[in-house]
Amino acid sequence: MISFDLLINAIVAGVLLGGFYAAVSVGITISFGMLDIANIAQPAFILLGSYAAYIFNSAFHIDPILVGVVMTPIFFMIGIAVYRLYYYCFEMRNEQAIQGLAFFFGLLFVAEVSLILVFGVDYRFVEAPYIGPSLHFGMFDLPLRMLIPCVISLAMIGALQLYLSRSFIGRAILAVSQDGGALQLIAANPTRIKEIAFGISIATCALAGTFLIIIQPVEPSIGRDYIGRIFAICVLGGMTSFPGMVGAAMLIGVAESITATFYGPSWAPAVAFGFLLAVLAVRPAGLAGR
Amino acid sequence: MANSLAISGVNAGYGSVRVLENISLSVGHAETVALLGTNGNGKSTMMKCVMGLLRPTSGTITAEIDGERMDLIGRSTEEIVDLGIALVPEGRRLFPKLTVEENLLLGAFRKSARGAIAANLDSCYETFPRLKERRRQLAGSMSGGEQQMLALGRALMSAPRILLIDEPSVGLAPILVQRTIDKIKELKERFGLTVLMAEQNFNQAVRIADRGYVIVHGQIAFEGRDADELNNNELVRKFYLGL
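Throughout, a residue's number is its position along its own chain's written sequence, starting from 1. Written order decides the labels, with chains lettered from A and ligands numbered from 1. Whole-chain, interface and lining totals are the exception, using all residues; otherwise, since this is a predicted model, local features are given only for residues with pLDDT of at least 70 and side-chain atom pairs are given and counted only at 80 or more. Excluded from the side-chain calculations are hydrogens and water; all other atoms, namely the structure's heavy atoms, are used.

Enquirer: Please explain the interface of chain A and chain B as it appears in this structure.
Expert: Quite often, the size of an interface is put as the accessible area lost when its parts meet. Only heavy atoms matter for contacts: two residues are in contact if any of them lie within 4.5 Å across the pair. Across the boundary between the two partners, chain A contributes 19 residues, which contact 26 residues of chain B. Accessible-area loss on putting two parts together, using a 1.4 Å probe and summing over both, is the definition of buried area adopted here. A buried area of about 2100 Å², summed over both sides, lies between chain A and chain B, and 68% of it is on carbon and sulfur atoms. Its largest share of buried area at the contact with chain B, chain A owes to A:F168, A:L185 and A:R290, together 37% of the area lost on that side. By definition, a salt bridge exists where a carboxyl oxygen of Asp or Glu is found within 4 Å of a side-chain nitrogen of Lys or Arg. Where chain A meets chain B, there are 1 salt bridge. Where B:R93 meets A:D179, a salt bridge forms, and the shortest distance between an N and an O atom there is 2.6 Å. Polar contact criterion, stated in full: a pair of N or O atoms within 3.5 Å, where within protein one must be able to donate a hydrogen and the other to accept it, and residues adjacent in sequence count only if both atoms are side-chain atoms. Summed over the shared surface of chain A and chain B, the result is 4 residue pairs in polar contact (both at pLDDT 80 or more). Secondary structure is summarised from DSSP: a helix means a run of H or I of at least four residues, a strand means a run of E of at least two, and numbering begins at the N terminus for each. Elements with a contribution of two residues or more to the side of chain A that touches chain B: α6 (168-176) and α7 (180-184) of chain A. Considering every element that reaches the side of chain A that touches chain B, the biggest residue donor is α6(A), with 6 residues. Charged residues are taken to be Asp, Glu, Lys and Arg, nonpolar residues to be Ala, Val, Leu, Ile, Met, Phe, Trp, Tyr, Cys and Pro, and polar residues to be all remaining types, Gly included. Here the residues of the side of chain A that touches chain B are counted per class, giving 12 nonpolar, 4 polar and 3 charged.

Enquirer: What's the story with the pattern of salt bridges in this structure? I'm lost.
Expert: Residues and elements named next belong to chain B. Inspection of every chain in the model, using the stated rule, returns 20 salt bridges over all chains. For R75, the salt bridge identified is with E79, shortest N-O distance 4.0 Å. We note a salt bridge from R130 to E146, for which the minimum N-O separation is 2.8 Å. Of the two residues, R130 is situated in helix α5 (residues 129-133) and E146 in helix α6 (residues 144-156); the sequence distance between them amounts to 16 residues. Burial classes follow relative accessibility: with a 1.4 Å probe on protein chains only, a residue under 20% of its type's maximum area counts as buried, one over 50% as exposed, and anything between as partly exposed. For R130, a relative accessible area of 39% corresponds to the partly exposed category. With relative accessibility at 10%, the residue E146 sits in the buried group.

Enquirer: Sorry if this is basic, but what is going on with α6(A) here?
Expert: For an α-helix, 3.6 residues make a turn, and residues three or four places apart therefore share a direction. Taken across its 9 residues, α6(A) has 7 buried, putting it largely inside the fold. Those residues of α6(A) that fall on the buried side of the exposure criterion are A:F168, A:G170, A:R171, A:A172, A:I173, A:A175 and A:V176. Its buried side turned inward, α6(A) meets α1 (4-34), α5 (144-166), α7 and α8 (190-215) of chain A together with α3 (100-107) and α4 (117-127) of chain B. Of the residues that open α6(A), the one with a side-chain oxygen 2.9 Å from the backbone nitrogen of A:G170 is A:S167.

Enquirer: Whenever I open this one, the nonpolar core confuses me. Can you help?
Expert: Nonpolar side chains tend to gather and get buried jointly when the protein is soluble and globular. Buried residues of nine kinds, namely Ala, Val, Leu, Ile, Met, Phe, Trp, Tyr and Cys, make up a nonpolar core once their side-chain atoms join them within 4.5 Å. Ranked by size, the top nonpolar core spans 144 residues in total, and within it A:F20, A:F104, A:L183 and A:F242 carry the most contacts. Broken down by element, the residue count for this core peaks at 15 residues, all from α8(A). Where a domain begins and ends is set by an automatic assignment or by a domain database. Summarising the domain contributions, this core has at least three residues from each of domain 1 (4-84 + 160-240) and domain 2 (93-158) of chain B. Not counting chain neighbours up to four residues away, the residues in contact with A:F104 comprise A:I37, A:A38, A:N39, A:I40, A:A41, A:V82, A:Y86 and A:F198. Judged by nonpolar contacts, the second largest core, of 35 residues, contains B:L20, B:M46, B:L54 and B:I65.

If you want it as structure tokens, here you go:
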């Protein structure tokens, strides 16, 4: 017999988890969905964000979210540097399809091994006043360590959505994978546009990584758990749409949470991917595909 | 202030294939000049050279924008558009998965066009009421004629002084070709543009052109100072109209 209380709380926890999933997937929606760059090293940058929060939190007791905010422009610059390397080594020569994929795969491993060498394989965590307590509303239970990342994540995605739809560079980012050459005809340099967009996609990892280490202790190989999940959310959401991506993240979050509550956590990824297959069978363009 | 285009002695090609041989032509202030020729004679290549998409092996291309004369060769396409020269490319090159309005707004990416974006959008919608009706529709879902209107509208959003149009009639039904050509004339007069139009539909292009050049195998075969001269030329009848 399924308990109603348990079900409601599983759904609420799933929505909060979905908010966090949206933060880790927004970067892939930009790089993979809008730029056609299959950046499978995205989880490595998220982990980098986690460890940055860990370093400053454990050494100087700085609030992890504040570290995430401060690291965002630094991650933006890292993203620009990575894109330039990727562009000059592969994209410029039209070799991005396979070699570019290998490049990001390699980047993922190099990052993981570097983290192991520096921090070891132990789980690391951060301390903040909001990590323990929960808010209670009747039968709802809202742990602050889930609620705060969810709220900030949605605010970040809302701000990015405004930037993409209202600014000239944002609109050019939406257009660049459709016809880069045509962008030149409106006085925009497609490579520069992609560079900025990729910078933004990596910049989101600073906060996403912070959220990750707030939600759970982190060790270097944990990023792999997220590769499949973030691509699944991006595809399920319709590749280029933020609202679709947020909806997909919430759906996967709720599906995983309900499965974990009633059938055990090991079934959660299977249900999430089964869900993806079912949706793509009915709507091949995803939830909000154009 | 004067806006004009001067092309002199241009040779260009792709790899070892020479396409343009010693092309010279000019477009005077507020003129509509037609570059006429059938497929594969080098019309689009000429347009690409002006826009910096292809670098000529020799020759000069200069533009006068608001009275200031500038060399175009060696500049990037983005710089040339920034100067105030817009191209409506062959095949239209719209962003199919963006809406009509998003396509138009992107047209105003050029820095000096951003300030006047609201006014330009209004006059765009006024000239093409159809685009206003469909402004929330994806560009790729529109008919060929509507897409050509959108391509013209997007180019105008950059507030250009000189407008290059490559084969506006391609893929359109005859009635739409006529309408598109009429619109180009209307736009030219409304915005005081200097227009160079490459076209293979001779009769339609000559209706609105002040002057024209006939390009055959990458060379200017004939220069007509007005529509009558173009219509009555032996070369045109032989090479171009196949009469």
